[in-house]
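Okay, here's what each chain looks like letter by letter:
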Amino acid sequence: MNFINAKNISKDFGGVHALKGVYFTVRQGEIMGLVGQNGCGKSTLIKTLAGVWRPDGGTLEIAGQKVENPSPFIAIKLGVSVIYQDLSLFPNLSVLENICLGPIIGDNSLLSRISLYRGKAMEILARLGIDINPDDLVEDLPIAKQQLVAIARALANDSRLLILDEPTTALTRREIIQLFSLLSNLKKGGISFVFISHKLGEILEICDRVTVMRDGSIIGTEEAASLNISQIEGMMLGHALALQKKTAFRSGKEVVLSVEHLSKKNHFLDVSFALHAGEVLGLSGLLGSGRTELASAIFGISPADSGKILIRGKEVRIASVGNAIHYGIAYVPEDRLTQGLVMPHSISNNIVIATLEQYLGRLALLSFQKIGLTVKNWISKLDIKTDDARKAASTLSGGNQQKIVIAKWLAMNPAVLIMDGPTVGIDVGAKRAIYDTIQTNAAQGMAVIVISDDIPELLANCDRILIMHGGRLTVEMPTSEADEESLQRSMEIRSGA
Ligand SMILES: Nc1ncnc2c1ncn2[C@@H]1O[C@H](COP(=O)(O)OP(=O)(O)OP(=O)(O)O)[C@@H](O)[C@H]1O
Ligand SMILES: [Mg+2]
């Protein structure tokens, strides 16, 4: 039986046709993968299923019932829950309160029944086989556990379909395996899922069928077992894309940035390395290995306790982000959407915001023509999907918003560029554009650090790779000597995994 039956759905935003005659089904007890490039319409489709958007045309059936007047309330009543990437939990409420919020709100005799809710929350947590204290505050839980609370909450609302929008982005491999086994178990109980991800390997691992979208249309829906990654990429892009290991390595003579015995209590210990002009250095390790904290220290977000940072051989003091920018360091954070954008501002302003002084002409007037050209150039280079750069950044799809943050820092033309998770949440086509940009900038002398746990990405981009574990640098190897297996092993062996 089809739990979801969407026929010929269309949705416009102004002049943008976000959905064009979409047919989409989800069977009871299946995991349906939903993939496609940034801005192709995935989030718009699930928001239509969830009653957030009213479609401009087409019909929608949920659980065998035709939805005449879509609203989030109706969707929830019919059993549809969306777990957005930010999870939308209440951080300062307890696990119990978060799980049972839905039922509690509809209850008039709350006080007398609170123990009943405790029982219900405990039962769901036990059914999911998760060990969480229901009285813990959600803000004190690691992200993977918060996600489980969000799933438990959906089940407390008697959901029959859970839509997961890029659920594995912030999870370690071990947590992903746990999540997948939970989804498989729930599926056996008849629960359906829509699973959105840009990680195609995971899509094939967990999904029964896969729906591929391009430009607001469905390109096809296939059994996962009959697909491989390059076939999906081909459907997404209209052509194939192969990622090859980097073959021409650079190791510049001039050391641009070096750190010596850098330490920060509870985060990293005695880290030393040198970065050369024109070099792309990979920095990897499992989540929690200290790699992001190290980058934050170099960029002055949370300075180290001891050790030295040198720029071109001269010791410098980096106590703030301002100091770091002064020395020509730029940092593209992993958490780009909360740290990187001024949402109500235009796409154009967001791209040039960090570099406005470059556009000052005579009499200190901004050259709007120059700004316009720069913005146009980045929009085409990174394939940012918009029809007008004057629109607010908030009108872009998630992945296209990320590209804006990347453009902003690249436009600075820094001496040292640190990119944390440069392609997290970014589709394969735009990935290629970002890789090309990294290589072009390095060829012109920029020193680049790429922080990533995507091993093919490291192999394709880096000249040398460093691996951290438990706050220490444990491996340093030239990419020419590295391969997927050895890198994977060196990350995991040392974690005891
Ligand atoms: N609220 C909105 N106002 C105007 N345009 C929008 C709005 N939401 C989405 N769009 C546009 O609709 C199109 C589809 O966007 P959508 O968010 O569905 O993409 P997506 O497939 O989820 O992409 P991503 O992988 O980047 O998250 C894009 O062109 C986007 O700019
Ligand atoms: Mg999206």
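Reading the values: the criteria
Residues numbered from 1 in each chain as written. Chains lettered and ligands numbered in written order. Predicted model: local features only at pLDDT ≥ 70, side-chain atom pairs only at ≥ 80, totals over all residues. Helix = DSSP H or I, 4+ residues; strand = E, 2+ residues; numbered from the N terminus. Rg over C-alpha atoms; globule rule 2.2 N^0.38 Å. Buried ≥ 20, exposed ≤ 12 C-beta atoms within 10 Å, placed from the backbone. Contact = placed C-beta atoms within 7 Å. Near = placed C-beta within 6 Å. Nonpolar A, V, L, I, M, F, W, Y, C, P; charged D, E, K, R; others polar. Domains from an automatic or database assignment. Pairing = 2+ DSSP bridges. Axes fitted to C-alpha atoms, helices over the stretch in contact; angles between N-to-C directions. Right-handed = clockwise from strand over helix to strand, strands pointing away. Expected span 1.5 Å × (residues − 1). Core = buried A, V, L, I, M, F, W, Y, C linked by C-beta atoms within 7 Å.

### Things to note about the overall build of the protein chain
Right, so step 1: Helix and strand counts for the protein chain stand at 17 helices and 20 strands.
Right, so step 2: Its C-alpha radius of gyration of 24 Å places the protein chain within 12% of the 23 Å reference for a compact globule of 497 residues.
Right, so step 3: Across its three principal directions, the C-alpha atoms of the protein chain cover 70 × 50 × 50 Å.
Right, so step 4: Buried residues in the protein chain amount to 41% of all 497 residues.
Right, so step 5: If you take every contact in the protein chain between residues at least 6 apart in sequence, the share linking residues at least 24 apart comes to 69%.

### Description of the site of ligand 1
Right, so step 1: Neighbouring ligand 1 are 18 residues, the closest being Asn38, Ser43, Thr44, Ser397 and Gly399.
Right, so step 2: Taken together, the residues of the shell around ligand 1 sort by class into five nonpolar, eleven polar and two charged.
Right, so step 3: Per-domain counts for the shell around ligand 1 show at least three residues from each of domain 1 (2–237) and domain 2 (255–495).

### Focus on the environment of phenylalanine 3
Right, so step 1: Of note, phenylalanine 3 is situated in strand E1 (residues 2–13).
Right, so step 2: Along the primary structure phenylalanine 3 and glycine 64 are separated by 61 residues, whereas in three dimensions their C-alpha atoms are 6.8 Å apart.
Right, so step 3: Setting aside anything within four residues of it in sequence, one finds phenylalanine 3 in contact with Val26, Arg27, Gln28, Ala63, Arg160, Leu161 and Ser192.

### Structural notes on the environment of leucine 125
Right, so step 1: Structurally, leucine 125 is set in helix H4 (residues 110–127).
Right, so step 2: Given 21 C-beta atoms within a 10 Å radius, leucine 125 is considered buried.
Right, so step 3: A sequence separation of 52 residues divides leucine 125 from phenylalanine 73, and the C-alpha atoms of the two residues are 25 Å apart.
Right, so step 4: Apart from residues no more than four positions distant in its own chain, leucine 125 is found in contact with Ile130, Ile132, Pro134 and Ala152.

### As for the domain arrangement of the protein chain
Right, so step 1: Its domain assignment divides the protein chain into domain 1 (2–237) and domain 2 (255–495).
Right, so step 2: Each of domain 1 and domain 2 was reduced to a C-alpha centroid, and the two centroids are 31 Å apart.
Right, so step 3: The class makeup of the residues in the side of domain 1 that touches domain 2 is three nonpolar, eight polar and two charged.

### With respect to unusual backbone geometry
Right, so step 1: Even without glycine at this site, asparagine 8 takes up a positive phi of about 55°.
Right, so step 2: With respect to the secondary-structure elements, asparagine 8 resides in strand E1.

### Thoughts on the sheet that holds strand E3 (residues 31–36)
Right, so step 1: If you walk across this open sheet you meet the six strands as E6-E7-E8-E3-E9-E10, and the pairing is mixed. The open sheet is flanked by strand E6 (80–83) and strand E10 (217–223), the only strands paired with a single partner. Averaged over all pairs of adjacent strands, the angle between strand axes in this sheet comes to 20°, irrespective of strand direction.
Right, so step 2: In the sheet, strand E7 (residues 161–165) pairs with strand E8 (residues 192–196) via five bridges, with the strands oriented parallel. Note on E8: the bridge partner recorded for isoleucine 163 is valine 194.
Right, so step 3: Contacts from helix H1 (residues 42–49) reach E3, E6, E7, E8 and strand E9 (209–214) within the one sheet, and its direction differs from that of E7 by about 155°.
Right, so step 4: In this fold helix H5 (residues 143–156) packs onto E6 and E7, with an angle of close to 170° to the strand it touches most, E6.

### Brief notes about the pairing of strand E18 (residues 447–451)
Right, so step 1: When you tally the buried positions in E18, you get five out of five residues, the bulk of the element.
Right, so step 2: Where strand E13 (residues 280–284) meets E18, four bridges bridge the pair, whose relative direction is parallel. By the bridge assignment for E18, leucine 281 is matched with isoleucine 449.
Right, so step 3: Bridge count for strand E17 (residues 416–420) against E18 is five bridges, and the pairing is parallel. Opposite valine 416, over in E18, you have alanine 447 as the bridge partner.
Right, so step 4: For the crossover that starts at E17, traverses helix H15 (residues 428–443) and ends in the parallel E18, the hand is right-handed.

### Things to note about helix H9 (residues 291–298)
Right, so step 1: Burial runs high along H9: seven of the eight residues are buried.
Right, so step 2: Taken residue by residue, H9 has Arg291, Thr292, Leu294, Ala295, Ser296, Ala297 and Ile298 as its buried positions.

### Some remarks on the sheet that holds strand E4 (residues 57–62)
Right, so step 1: The strand order across the open sheet formed by four strands is E2-E1-E4-E5, and the pairing between neighbours is antiparallel. Looking at which strands have only one partner, the edges of the open sheet turn out to be strand E2 (16–27) and strand E5 (65–66).
Right, so step 2: Here E1 pairs with E4 via five bridges, running antiparallel. Bridge pairing in E4 links isoleucine 4 to isoleucine 62.
Right, so step 3: Against the sheet, H1 engages E1 and E2, with an angle of about 60° to E2.

### So, helix H14 (residues 398–410)
Right, so step 1: Between its first and last C-alpha atoms H14 spans 19 Å; for 13 residues at 1.5 Å apiece the expected length is 18 Å, and the two agree.
Right, so step 2: Across the 13 residues of H14, eleven count as buried, placing the element largely inside the fold.
Right, so step 3: Residues of H14 that are buried: Gly399, Asn400, Gln401, Gln402, Lys403, Ile404, Ile406, Ala407, Lys408, Trp409 and Leu410.

### Re the nonpolar core
Right, so step 1: Formed by 68 residues in total, the largest nonpolar core has its most connected members in Ile163 and Phe195.
Right, so step 2: With eight residues, H5 is the largest single contributor of residues to this core.
Right, so step 3: If sequence neighbours within four positions are ignored, phenylalanine 195 has contacts with Ile31, Met32, Gly33, Leu34, Leu164, Ile203, Ile206 and Cys207.
Right, so step 4: Leu257, Ala407, Ile438 and Ile451 belong to the second-largest nonpolar core, a separate cluster that totals 65 residues.

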